[in-house]
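Listed here are the chains, written in short residue letters.
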Amino acid sequence: MKGRTARTSALLTALTLLLAGCVGLKRCAYEGIGRDRWQQPERVIAALSLERGAQVADIGSGTGYFTFRLADAAGPDGRVYAVDIDEQLVEHLAERARDEGYPTVESVLAAPDDPRLEPGSIDLVFTCNTFHHIEDRIAYFARVRTLLRPGGRVAIVEGRPGWFQRVFPHATDPDEIQRDMEAAGYRLLDSHDWLSQQSFQVFTANE
């Protein structure tokens, strides 16, 4: 009887999460277990050297793991556009920004092939674990290039291929990223190799 009660309770918990729009499950999937340890978010943000007042696009923002850290770095005169194609996550992040007092964070419901941002408006495009989801990456980042202000950058943090990715392909080889970005009209500015599970590359548009 106790076993049946426990199973029923677990089922009800799962159904509650599903009825809540799966945001709780998605947040677990995005943030994982112990992510702060291996992701080193503070070090990632510091490596970007964001100026106060910067205009940032967090493409594939998910539940906002990096969004609010980027907003803190950009300061009260900056703005972070949290861009995602998942309407539930966009709504969740807008609510979170309101509840946590982040007026500089703006949620944007994008299309798979268009981040839907104003041309010439962005100092930094940031994307983490999103590159592999983009279908035509060369065309997409060629479009992204039009969003950048002079000297604007694109930072790509992406899973490295390994045994797990061979089963669940959520990674891209950094050499492939660089080839795609060069084909889209960028050059590599910097590459960091201190993330254990990911590559971290920064690009700027060719002049």
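For the structure itself, look to the data block above.
For the structure given in this document, a descriptive report is provided here. (Residues numbered from 1 in each chain as written. Predicted model: local features only at pLDDT ≥ 70, side-chain atom pairs only at ≥ 80, totals over all residues. Heavy atoms only, no water.)

Notes on helix 9 (residues 174-183)
Part 1 of the reasoning: Where helix 9 is concerned, the buried positions are Pro174, Ile177, Asp180 and Met181. Relative to the axis of helix 9, the buried residues are bounded by an arc of 120 degrees and lie together on one face. Structural note: helix 9 exposes Arg179 and Ala183 on the side pointing more than 90 degrees away from its buried face.
Part 2 of the reasoning: Residues of helix 9 that are buried in the fold lie against helix 7 (137-145), strand 5 (148-159), strand 6 (186-192) and strand 7 (198-205).
Part 3 of the reasoning: The backbone nitrogen of Asp175 lies 2.8 Å from a side-chain oxygen of the residue at the head of helix 9, namely Asp173.
Part 4 of the reasoning: The positive-phi residue at the C-terminal boundary of helix 9 is Gly185, with phi of around 105 degrees. (Buried < 20%, exposed > 50% of the residue type's maximum accessible area, 1.4 Å probe, protein only. Helix = DSSP H or I, 4+ residues; strand = E, 2+ residues; numbered from the N terminus. Arc of directions from axis to C-beta. Contact = heavy atoms within 4.5 Å. Polar contact = N/O pair within 3.5 Å; in protein donor to acceptor, adjacent residues only side chain to side chain.)

A closer look at the packing of helix 4 (residues 41-48) against helix 5 (residues 67-74)
Part 1 of the reasoning: Orientation of helix 4 relative to helix 5, taken along the N-to-C sense of each, is 45 degrees, at an axis distance of 10 Å. In this view, helix 4 runs oblique relative to helix 5, as classed from their interaxial angle. Both helix 4 and helix 5 take part in a crossing whose hand is right-handed. Side by side, helix 4 and helix 5 meet where Pro41, Glu42, Ile45 and Leu48 of the first sit next to Arg69, Leu70 and Ala73 of the second.
Part 2 of the reasoning: Counted by class, the contact of helix 4 with helix 5 contains five nonpolar, no polar and two charged residues. (Axes fitted to C-alpha atoms, helices over the stretch in contact; angles between N-to-C directions. Parallel < 35°, antiparallel > 145°, perpendicular 65-115°, else oblique. Left-handed = near helix turned anticlockwise from the far one by under 90°. Nonpolar A, V, L, I, M, F, W, Y, C, P; charged D, E, K, R; others polar.)

Focus: the sheet that holds strand 4 (residues 122-128)
Part 1 of the reasoning: Ordered by their spatial adjacency, seven strands build an open sheet running 3-2-1-4-5-7-6, and the pairing between neighbours is mixed. Of all strands in the sheet, those with a lone pairing partner are strand 3 (105-109) and strand 6, marking the two edges. Recorded for the sheet is a direction-independent mean angle of 20 degrees between the axes of neighbouring strands.
Part 2 of the reasoning: Its contacts with the sheet put helix 5 on strand 1 (55-59), strand 2 (79-84), strand 3 and strand 4, and the angle it makes with strand 2 is roughly 160 degrees.
Part 3 of the reasoning: Contacts between helix 6 (residues 87-99) and the sheet are confined to strand 2 and strand 3, with strand 3 contributing the most and set at about 165 degrees to the helix. (Pairing = 2+ DSSP bridges.)

Here we look at the side chain of Ser121
Part 1 of the reasoning: With respect to the helices and strands, the residue Ser121 is situated in the loop between strand 3 and strand 4.
Part 2 of the reasoning: Of note is the side chain of Ser121, whose polar atom sits 2.5 Å from the backbone oxygen of Glu118.
Part 3 of the reasoning: If we skip the residues at most four places from it in the chain, Ser121 touches Gln55, Leu147 and Arg149.

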